[in-house]
Amino acid sequence: MANENIRDLLKRSDMILIGVCVLLAAGFLLLAGKSAADAGNFLTIDSLFFTAVCLLLALTFVAIPALTLRERGIHPLRVGDEVTPARANEHVHFEGSTRLFLYVLLGLLVLTLVEVFLAYIHVPLSIMLTLLIGLSLVKAAMIVAYFMHLRFERMSLVLTLIPTLAVCICLLFIVFPDSFRTREIRATGTVAQPPAQAAPSQGH
Amino acid sequence: MSTEARIGRLPATEWDGGALPYRVGHRKLGMWLFIVSDAMTFSAMLIAYSYARVSSDDWPTPFPFFPSIIFSTTMTLFLLASSFTMVMAVKASAHNRLRAARRWIGATMFGGLAFLVLHLIEWEHLIHDGLRPFRLADKWAQDWPTAPPLFGASFFAITGLHMFHVLTGVLYLGYIALRIGKTRHEDVEISGLYWHFVDLVWMFVFPLIYLMSVDFKG
């Protein structure tokens, strides 16, 4: 039943009615959201009433097709756990236990809280930036290695992706020292000149 | 022995065709390459923002603990949890437990939507205070009188681009969840890769934009 086409099981007039009901429900939902967003003070009788009525109408228009489909035993979105044809010939490998992923999540949450704490203590800017970026890199490495599974993939893939990104980011940083010069110009109107070269060039 | 004959006797390796050198298949490799390119986009934007910030001697640091830092930390926790639920979804899909996979994807989408709602509320606070892309909020003129007007541009551009990625990710996940009976496991894995990338970018955006702009007075 799950994989049959809905069109085989319903008449055309039924499909149109269901479509109209879904559209109206969506419309009322949007109206409810818009009235809630536009209301200056949401907690007034007027705005609460209007929003409630819109939600109720949306619910009604969603219930009609839902109950009809249920009554006829049609579950358009039902999926069973049997192996579908799309998956039958797939070679699937998935390493990593739930416990491992929970540990990674815990580590990420802890590091996030450490970063937030770090933002509120007074350390010199360079130390703070180093720590923040360092911690973010550690978090990024954990996500890439464990959640994105790169730790369990071929080394050739790792070596193709990571150095690419690292090199490009380093290239982006080439112009960064110019920001120090710009800052100095803003502050003093000039840039400290390097000491003059030893001998002027001859023959000019 | 001639060169041609010698070539014919070289050992066949996985790079000779007919094999998957990276063992991941072309769709997944395509998503990885997209992720690397998108990471470069975000890196470029963050580095440009850092340049603008370093080169100015006055940069607003307007985020009070409540609501901005609390909201953004909660958003980070939601996004991290949604990454975990996505891994669980991929695991369920690998074992062909499709209903469980669909539920885990639903939880991931919920985390993403919660992130979006909180982030939009954050934006609304700042816009209400008067922040625009090239104009600072009026009340910031007291604390940061010589600040360049770039705070809004950098903030809205970077967080806006990230929000767009989250929204697209939620829609993509919705599509995968709806069609989970008809797609391969690889497709679920690939959508997982995109979602983790979205989380990854936030790991850098959050400290550099929010935590570096904490308002110590607030």
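In short, a report on the structure.

What counts and how
- Residues numbered from 1 in each chain as written.
- Chains lettered and ligands numbered in written order.
- Predicted model: local features only at pLDDT ≥ 70, side-chain atom pairs only at ≥ 80, totals over all residues.
- Helix = DSSP H or I, 4+ residues; strand = E, 2+ residues; numbered from the N terminus.
- Contact = placed C-beta atoms within 7 Å.
- Nonpolar A, V, L, I, M, F, W, Y, C, P; charged D, E, K, R; others polar.
- Axes fitted to C-alpha atoms, helices over the stretch in contact; angles between N-to-C directions.
- Parallel < 35°, antiparallel > 145°, perpendicular 65-115°, else oblique.
- Left-handed = near helix turned anticlockwise from the far one by under 90°.

## Observations concerning the overall build of chain B
Here is step 1 of the chain: When you go through chain B residue by residue, the secondary structure sums to seven helices and zero strands.
Here is step 2 of the chain: The secondary structure elements of chain B, listed N-terminal to C-terminal, are α-α-α-α-α-α-α.
Here is step 3 of the chain: For chain B, the proportion of contacts with a sequence separation of at least 24, taken over those separated by at least 6, is 74%.

## Brief notes about the environment of Asn-96 of chain B
Here is step 1 of the chain: Within the fold, Asn-96 of chain B resides in the loop between helix 3 (65-94) and helix 4 (98-129).
Here is step 2 of the chain: Remark: the alpha-carbon pair of Asn-96 of chain B and Gly-181 of chain B, spanning 85 residues in sequence, is separated by 9.8 Å.
Here is step 3 of the chain: In this view, Asn-96 of chain B contacts Asp-81, Val-83 and Arg-87 of chain A; residues no more than four positions away in its chain are not counted.

## Considerations on the interface of chain A and chain B
Here is step 1 of the chain: Of the residues lining the interface, 47 residues belong to chain A; the matching set on chain B comes to 49 residues.
Here is step 2 of the chain: Listed by contribution, the elements that provide at least two residues to the side of chain A that touches chain B are helix 4 (85-88), helix 5 (98-120), helix 6 (125-147), helix 7 (155-172) and helix 8 (178-188) of chain A.
Here is step 3 of the chain: Residue contributions to the side of chain A that touches chain B peak at nine residues, all from helix 5 of chain A.
Here is step 4 of the chain: Counted by class, the side of chain A that touches chain B contains 31 nonpolar, seven polar and nine charged residues.

## Things to note about unusual backbone geometry
Here is step 1 of the chain: Each neighbour pair has its own omega, and for Phe-66 of chain B with Pro-67 of chain B the value is 10 degrees, a cis peptide bond.
Here is step 2 of the chain: Counting through the fold element by element, Pro-67 of chain B comes out in helix 3.
Here is step 3 of the chain: At His-149 of chain A, a residue that is not glycine, the phi angle is positive and equals roughly 70 degrees.
Here is step 4 of the chain: Considering the arrangement of structural elements, one finds His-149 of chain A in the loop between helix 6 and helix 7.
Here is step 5 of the chain: Despite not being glycine, Asn-96 of chain B shows a phi value in the positive range, around 60 degrees.

## Points about the packing of helix 3 of chain B against helix 7 (residues 185-210) of chain B
The relative placement of two packed helices is expressed as an angle between their axes plus a distance between the axes.
Residue and element names in this part refer to chain B.
Here is step 1 of the chain: With their axes 10 Å apart at the nearest point, helix 3 and helix 7 run at an angle of 160 degrees to one another. As judged from the angle between their axes, helix 3 and helix 7 are roughly antiparallel. Here the hand of the crossing between helix 3 and helix 7 comes out left-handed.
Here is step 2 of the chain: Each residue belonging to the contact of helix 3 with helix 7 can be placed in one class, and the counts come to 13 nonpolar, eight polar and two charged.

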